[in-house]
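What follows is each chain in one-letter form.
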Amino acid sequence: MKIAVDAMGGDYAPEQIVFGSVRAAKEYGCEIVLVGDEGKIMQVLSKVRDWQRLGISVLHASQVIEMGEHPVVSVRKKKDSSVVVATRLVKEGTCDAVLSAGSTGAAVAAAQFILGRIPGADRPTIATPMPTPRGVTLLLDSGANVDSKPKHLVQGAIMGALYAEHVFGIKNPRVGLLNIGEEETKGNEQAQATYPLLKAMKMLNFCGNAEGRDIPKGNFDVVVCDGFVGNVVLKFAEGLAKTLVRLAKEAVKNGGILAKIGAFLLLPALRKLGRTIDVSEYGGAPLLGVRGCCFIAHGSSNAKSIASAIRIAKDYVDSDVLGHIKENLAREEALGAAGELSETEETASEAARA
């Protein structure tokens, strides 16, 4: 297993990216190719004892795509940027997966241009794991496509269900369509057009509409929506979690001695809860629908998050999620083509009888 890591992507690059890669190499036995400014990467690696024995190598890339740059234009112009070079390693077969905590748009654009799309996946989708009391709920799309047609949501549901099954071990995952109500007739035109398509999918365990509150409760294993809505949900959840933690700390700080004693007594339970809902346990989200394993980590990822993302990427490759997605999308295309042929033959027969 060899994973290409964009060492220059992220708010704390290259230090936290390198340290996370070192941690993953130690714990999961992965070979890591750190791609980026060789001088800066080596400065960080020099702080790690015997890093040469960990299967870590460095590949120099002279350019970096910054967060404020236009993704598509930058990927086309900056051929020697760290994310482009790292993605190319997967295309060439040198590496099994690529991970970047840099610009999401640049990572998506690089994957689409260099790796290409799987037949049957019209638009790749980002599947973000959301921690819940029941485990994890996959939210997709969480930012790859701000506008999606009903067929794109159906394709995303298929890919998300396969990812949930083969990486997270969720058998027959419960799939929901994000909506403003449980009733089948609820929602905008997109939701109303998507619902019957998902309902007709025999390969999916479609359980109906999912409301926003169902996501943190874990009432569904996979929740599909377009990237605009999904990204808003994701950023709102991140902001709310940080605000609640800050408010809790302030309440304890300003609550006097009894509040501090109570917080001390609750500390073991709070630590356990923190591990349950810690997003850094999952680290990154896969870009499903491209011809290769591409993982996108949060821009503020620390070493723990990067190591976790590498672990999930390793599981993705080991479980051959890409192969399962290709097989199921091809089957769905074949079934769709057969259905269209049947409708054509039926129409021709009716015309002949007339």
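Here's a quick rundown of the structure. (Residues numbered from 1 in each chain as written. Predicted model: local features only at pLDDT ≥ 70, side-chain atom pairs only at ≥ 80, totals over all residues. Heavy atoms only, no water.)

1. Digging into the packing of helix α6 (residues 150–168) against helix α7 (residues 189–199)
Here comes step 1: The contact between α6 and α7 brings their axes to 9 Å, and the two run at 45 degrees. What the angle tells us is that α6 and α7 run oblique. Handedness of the crossing formed by α6 with α7: right-handed. Residues Pro 150, Leu 153, Val 154 and Ala 157 of α6 touch α7, and the partners they reach there are Gln 190, Ala 193, Thr 194, Leu 197 and Leu 198.
Here comes step 2: Here the residues of the contact of α6 with α7 are counted per class, giving 7 nonpolar, 2 polar and no charged. (Axes fitted to C-alpha atoms, helices over the stretch in contact; angles between N-to-C directions. Helix = DSSP H or I, 4+ residues; strand = E, 2+ residues; numbered from the N terminus. Parallel < 35°, antiparallel > 145°, perpendicular 65-115°, else oblique. Left-handed = near helix turned anticlockwise from the far one by under 90°. Contact = heavy atoms within 4.5 Å. Nonpolar A, V, L, I, M, F, W, Y, C, P; charged D, E, K, R; others polar.)

2. Considering the state of the cysteines
Here comes step 1: All told, the structure shown has 0 disulfides when counted by the stated rule.
Here comes step 2: You can see Cys 293 has no disulfide; the closest cysteine sulfur is in Cys 294, sitting 7.6 Å from it.
Here comes step 3: By relative accessible area, Cys 293 is classed as buried at 3%. (Disulfide = S-S within 2.5 Å. Buried < 20%, exposed > 50% of the residue type's maximum accessible area, 1.4 Å probe, protein only.)

3. Observations regarding the side chain of Ser 103
Here comes step 1: Of note, Ser 103 is situated in the loop between β4 (97–100) and α5 (104–115).
Here comes step 2: According to the relative accessible area criterion, Ser 103 is buried, its value standing at 8%.
Here comes step 3: From its side chain, Ser 103 meets the backbone nitrogen of Ala 106 in a polar contact 3.1 Å long. (Polar contact = N/O pair within 3.5 Å; in protein donor to acceptor, adjacent residues only side chain to side chain.)

In short, the description is geometric, and any link to function would need to be established separately.
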